[in-house]
Number of protein chains: 2
Amino acid sequence: MADLGTYLRQKRETLRADDPRYSVRQVAARIGVQPSYLSKVERGHEAPPSEATLRRLAEDLDENVDMLLALGGKISSDLAQIIRQRPALFAELIRDLRDLPDHAVLRIVREVRDGNW
Amino acid sequence: MADLGTYLRQKRETLRADDPRYSVRQVAARIGVQPSYLSKVERGHEAPPSEATLRRLAEDLDENVDMLLALGGKISSDLAQIIRQRPALFAELIRDLRDLPDHAVLRIVREVRDGNW
DNA sequence: CCAAGTATGTAGTATGTACTAAACACTAAA
DNA sequence: TTTAGTGTTTAGTACATACTACATACTTGG
């Protein structure tokens, strides 16, 4: 997978192709950071932004928050909290799911959602 | 649930009841920190230690690592990495599991382990 | 009672996180 | 040709994290 900076730049440039509102400066202004900072993040000259800033970026660029956070080396604080509430249980489950293919995990998601538990 | 400091002190004092090697000084020496630091952590006068230090503590006190990390507001880095590899998928699953009772989650763990997927 | 071991108080530090602020250099339109 | 917008460079900052080092005070077995 691409690193955060590369991914952000690519996405922003794509949006910018049909909308000039997606310049570094204007995106930065909308999400509340300095353009110089966003520029550095996109080029990997700066560590990934905070969770709050990544959330605003995800919204502005219409991207999946959990994905952007992951690229920034972070995990959504609401997920972290859920895990911390039952650490041993979730740790066991997640480690067991590490090698399962996507479709198998998705099947579990669906079963849980259907209430078969 | 108790906070990290209280929990650590309780556990250490319990061990110390039949083994003088579990004084603040001696535990601190074994896990490689200053006794003053461990003392402050146990009394909640200091922020939780790093993941590495919590791991050494867990081993010395024979405690569950994921639990101590959770009490310290952290998530094991290996779990974080597993989640970051498939962020959207795991995010969905974990949020769906939030309200499931322990026994239901355990059933999933067992099914995954039995290879019924 | 005193010496050894115990816990704790106070002060300070190195590194990382998450940015800001201002200036600079380029491009294209009016 | 200047001005409005673009991205970038450089320098610096406020706060958090994760401790250390040393001094002080308590406690308990011999």
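Residues numbered from 1 in each chain as written. Chains lettered and ligands numbered in written order. Predicted model: local features only at pLDDT ≥ 70, side-chain atom pairs only at ≥ 80, totals over all residues. Heavy atoms only, no water.

Peer 1: Quick question: what am I supposed to make of helix 1 (residues 4-18) of chain A here?
Peer 2: Residues and elements named next belong to chain A. Its 15 residues place the ends of helix 1 22 Å apart at the C-alpha level, agreeing with the 21 Å of an ideal helix rising 1.5 Å per residue. Those residues of helix 1 not exposed but buried are Leu4, Gly5, Leu8 and Arg12. All buried residues of helix 1 fall inside an arc of 90° around its axis, so they share one side. For helix 1, the exposed residues lying more than 90 degrees away from the buried face are Gln10, Thr14, Ala17 and Asp18. Looking at the packing, one finds that the buried side of helix 1 touches helix 2 (24-31), helix 3 (35-42), helix 4 (51-60) and helix 5 (65-71). (Helix = DSSP H or I, 4+ residues; strand = E, 2+ residues; numbered from the N terminus. Expected span 1.5 Å × (residues − 1). Buried < 20%, exposed > 50% of the residue type's maximum accessible area, 1.4 Å probe, protein only. Arc of directions from axis to C-beta. Contact = heavy atoms within 4.5 Å.)

Peer 1: Mind showing me how you'd approach the protein's contact with DNA strand C here?
Peer 2: Near DNA strand C lie 24 residues; those nearest to it are Ser50 of chain A together with Arg9, Arg25, Ser36 and Arg43 of chain B. For DNA strand C, the fraction of protein-proximal atoms (within 4 Å) that sit in sugar or phosphate groups is 56%. Within the side chain of Ser50 of chain A, an N or O atom sits 2.6 Å from a phosphate oxygen of DNA strand C. Taking Lys40 of chain B, its side chain carries an N or O atom lying 3.1 Å from a base oxygen of DNA strand C. Of all elements in the fold, only helix 3 of chain A together with helix 1 (4-17), helix 2 (24-31) and helix 3 (35-42) of chain B reach the threshold of two or more residues within the surface near DNA strand C. (Near = heavy atom within 4 Å. Polar contact = N/O pair within 3.5 Å; in protein donor to acceptor, adjacent residues only side chain to side chain.)

Peer 1: What am I meant to see in the interface of chain A and chain B here?
Peer 2: Interface size, as often reported, equals the accessible area lost upon joining of the parts. If you look at the interface, chain A gives 42 residues, while chain B gives 42 residues. A buried area of about 4,200 Å², summed over both sides, lies between chain A and chain B, and 71% of it is on carbon and sulfur atoms. On the surface where chain A and chain B come into contact, there are ten salt bridges. Between Arg113 of chain A and Asp96 of chain B there is a salt bridge; the shortest N-O distance is 2.6 Å. Among the elements of the structure, helix 5, helix 6 (77-85), helix 7 (87-97) and helix 8 (102-114) of chain A are those that each provide at least two residues to the side of chain A that touches chain B. In terms of residue count, the dominant contributor to the side of chain A that touches chain B is helix 7 of chain A (eleven residues). Its residues placed into classes, the side of chain A that touches chain B shows 25 nonpolar, five polar and twelve charged. (Buried area = accessible area lost by both parts, 1.4 Å probe. Salt bridge = Lys/Arg side-chain N within 4 Å of Asp/Glu carboxyl O. Nonpolar A, V, L, I, M, F, W, Y, C, P; charged D, E, K, R; others polar.)

Peer 1: How should I be thinking about the side chain of Glu42 of chain B in this particular structure?
Peer 2: Along the chain, the position of Glu42 of chain B falls in helix 3. Filtering out sequence-adjacent residues up to four positions away, Glu42 of chain B remains in contact with Gly5, Thr6, Leu8, Arg9, Arg12 and Val24 of chain B.

Peer 1: How should the protein's contact with DNA strand D be read in this particular structure?
Peer 2: Among the 24 residues in the neighbourhood of DNA strand D, the closest are listed as Arg9, Arg25, Ser39 and Arg43 of chain A together with Ser50 of chain B. Restricting the count to atoms of DNA strand D within 4 Å of the protein gives a sugar and phosphate share of 57%. Take Gln26 of chain A: an N or O atom from its side chain is 3.0 Å from a phosphate oxygen of DNA strand D. With respect to DNA strand D, the side chain of Glu46 of chain B contributes an N or O atom lying 3.2 Å from a base nitrogen. Class assignment for the residues of the surface near DNA strand D results in six nonpolar, nine polar and nine charged.

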